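Coordinate inspection notes
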Amino acid sequence: MAQIGTDVALAKSFLEEGKLVGIPTETVYGLAGNALDPEAVALIFETKNRPNFDPLILHTSSLERVGDFVAAFPEKLKQLAETFWPGPLTLLLPKKPIVPDLVTSGLDRVAVRVPKHPLTLALLDALDFPLAAPSANPFGYISPTWPSHVEVQLGEKIPYILDGGACAVGLESTIVGMEDDELVVYRLGGLEVAEIEKSVGSVRIRDHSSSNPAAPGQLESHYAPRKPFLLGDLKRMIAENLEDKTEFAVLSFSDFFPEVRSEDQIALSPAGDLHEAAKNLFSAMRKLDESPASVILAELTPDTGLGKAINDRLRRAATK
Ligand code: TXA
Ligand code: MG
């Protein structure tokens, strides 16, 4: 079973031995290994049960170190890095040969970010290699936002989890790259598109409904609970399920439903705050997935700001 603690030096020594460590970031917990060691990278795929065609994000401690791994840094992307790193932003940049092909699933671009968490920044600073780290959940399941989430699902497979408490943002990083001269968002995430546009002008959001995604990670069914997860009008769905006597649980944006037992419902943000909703989203989905209910009824949040990324996750959770 994994040890859990705040010992950066211990985490470092496991990583130097080629082992994997659960690491906190501001978005979600990562399952980290030495990004320059193909065996450690292979172990990440194996531990997560992740298909090799889905590439990994490389994490490093500063913009200065990115030059070691990328062959070019287009001006607009550099401006985003200067503005938002450390933070919930991942950039797709042309890779140098030093980055193993397994990290990028053979693609020419590598995904890079500088995460914003003091423990992980200290760890990255102390290491002389970057960390490859996907979210620390079995492939396709809900991303972890607490160390206990990592422990429950991967604790038997890794020696250490660095305990950084709850993730402050709660949604994975926003992924941005360039196609010709145009900025493209490949995954909505913890950094709002409006913030990006304020900094560098308009961006295209690539829709991921295609069944053959050019950028992986656009897989439609993802972040998914094991139980049926139904999105719609909660009032109506609750009434129908009460009539059918189905055991259900409710995930609302801010409303509380007096006709439902309080232990069977979670409001992501009673105050209607999208940042709070984002922070609570994945742990609420997990909690309801572990409850005795046989189905989870949920609704979309307002489709503005972070709500767009929250709704993206809710829709994918509902796709089977
Ligand atoms: O917030 C985050 O990004 C978290 C924390 C741990 O940093 N990490 C994360 O990793 O969400 P993961 O592996 O669960 O999701 C990374 C996504 C995947 O969907 C992958 O397909 C995409 O990034 N990706 C990675 N490298 C890529 C590349 N070279 N080209 C296109 N997409 C890439
Ligand atoms: Mg993931």
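Preceding this section is the structure that the text describes.
In this report, we go over the structure that sits alongside the text. (Residues numbered from 1 in each chain as written. Chains lettered and ligands numbered in written order. Predicted model: local features only at pLDDT ≥ 70, side-chain atom pairs only at ≥ 80, totals over all residues. Heavy atoms only, no water.)

Concerning unusual backbone geometry
Selection criterion: Helix numbering and strand numbering both begin at the N terminus, where a helix is a DSSP run of H or I of at least 4 residues and a strand a DSSP run of E of at least 2. Only protein chains enter the accessibility calculation, which uses a 1.4 Å probe; a residue is then buried when its area is under 20% of its type maximum, exposed when over 50%, and partly exposed in between.
A cis amide bond links Trp85 to the next residue, Pro86, at an omega of -10°. With respect to the helices and strands, the residue Pro86 is situated in the loop between α4 (75-84) and β5 (89-94). Although it is not a glycine, Ser105 adopts a positive phi angle of roughly 50°. Within the secondary structure, Ser105 sits in the loop between α5 (101-104) and β6 (109-113). Notably, Asp180 is not glycine yet its phi reads approximately 55°, a positive angle. When its relative accessible area of 77% is taken as the criterion, Asp180 is described as exposed.

Details of the pairing of strand β3 (residues 30-34)
The criterion, for reference: Paired strands, in this sense, are two strands between which DSSP finds at least two bridges.
Counted residue by residue, β3 has five buried out of five residues, so it is predominantly covered. Between strand β2 (residues 21-23) and β3, which follow one another and run antiparallel, lie six residues. Sheet analysis places β3 next to strand β7 (residues 131-132), joined by two bridges and oriented antiparallel. Each residue of the ladder has a partner; that of Gly33, found in β7, is Ala132.

Brief notes about the sheet that holds β6
The strands making up a sheet are joined through hydrogen bonds of the backbone, oriented either antiparallel or parallel. Reading across from one edge, β1-β8-β2-β3-β7-β4-β6-β5-β9-β10-β11 is the order of the eleven strands in this open sheet, with mixed pairing throughout. The open sheet terminates on both sides in strands that have one partner only, identified here as β1 (3-5) and β11 (204-205). With three bridges connecting them, β5 and strand β9 (residues 174-179) associate as parallel partners. By the bridge assignment for β9, Leu89 is matched with Thr174.

Details of the packing of helix α10 (residues 274-290) against helix α11 (residues 307-318)
The axes of two packed helices give the description: the angle between them and the distance between them. Quick note on the threshold: Lines fitted to C-alpha atoms define the axes here, with helix axes fitted over just the stretch in contact, and angles between the N-to-C directions of these axes take values from 0 to 180 degrees. If an angle is under 35 degrees, it is roughly parallel; if it is over 145, roughly antiparallel; if it lies from 65 to 115, roughly perpendicular; otherwise it is oblique. For any pair of crossing helices, the crossing counts as left-handed if the nearer helix is rotated counterclockwise from the farther one by less than a right angle, and right-handed if it is rotated clockwise. Contacts: residue pairs with any heavy atoms within 4.5 Å of one another. Throughout this entry, Asp, Glu, Lys and Arg are counted as charged residues, while Ala, Val, Leu, Ile, Met, Phe, Trp, Tyr, Cys and Pro are counted as nonpolar. The remaining residues, Gly among them, count as polar.
For the pair α10 and α11, interaxial distance at closest approach is 9 Å and the crossing angle is 20°. Classed by the angle they form, the pair α10 and α11 counts as roughly parallel. Both α10 and α11 take part in a crossing whose hand is left-handed. Listed contacts from α11 to Leu274, Ala277, Ala278, Leu281, Phe282 and Met285 of α10 are Gly307, Ile310, Arg313, Leu314 and Ala317. The class makeup of the residues in the contact of α10 with α11 is nine nonpolar, one polar and one charged.

As for the side chain of Thr174
So the rule is basically this: Each polar contact in these results corresponds to two N or O atoms within 3.5 Å; when the atoms are within protein, one needs to be able to donate a hydrogen and the other to accept it, and residues that are neighboring in sequence are counted only if both atoms are side-chain atoms.
Examined against the element boundaries, Thr174 turns out to sit in strand β9. A distance of 2.7 Å separates a polar side-chain atom of Thr174 from the backbone oxygen of Leu191. Among all residues touching Thr174, those that are not within four sequence positions of it are Pro88, Leu89, Thr90, Val185, Arg187, Leu188, Gly189, Gly190, Leu191 and Ile196.

Some points on the sheet that holds strand β14 (residues 265-267)
An order of β12-β15-β13-β14 is seen for the four strands of this open sheet, with the pairing classed as parallel. Unpaired on one side and paired on the other, β12 (229-231) and β14 mark the two borders of the sheet. This sheet shows a mean twist of 20° between the axes of neighbouring strands, independent of strand direction. Of the strand pairs in this sheet, β12 and strand β15 (residues 295-298) are connected by three bridges, and their pairing is parallel. Note that in β15 the partner of Leu231 across the bridge is Ala298. Packing of α11 onto the sheet brings it into contact with β12 and β13 (248-252), and relative to β12 it is tilted by some 125°.

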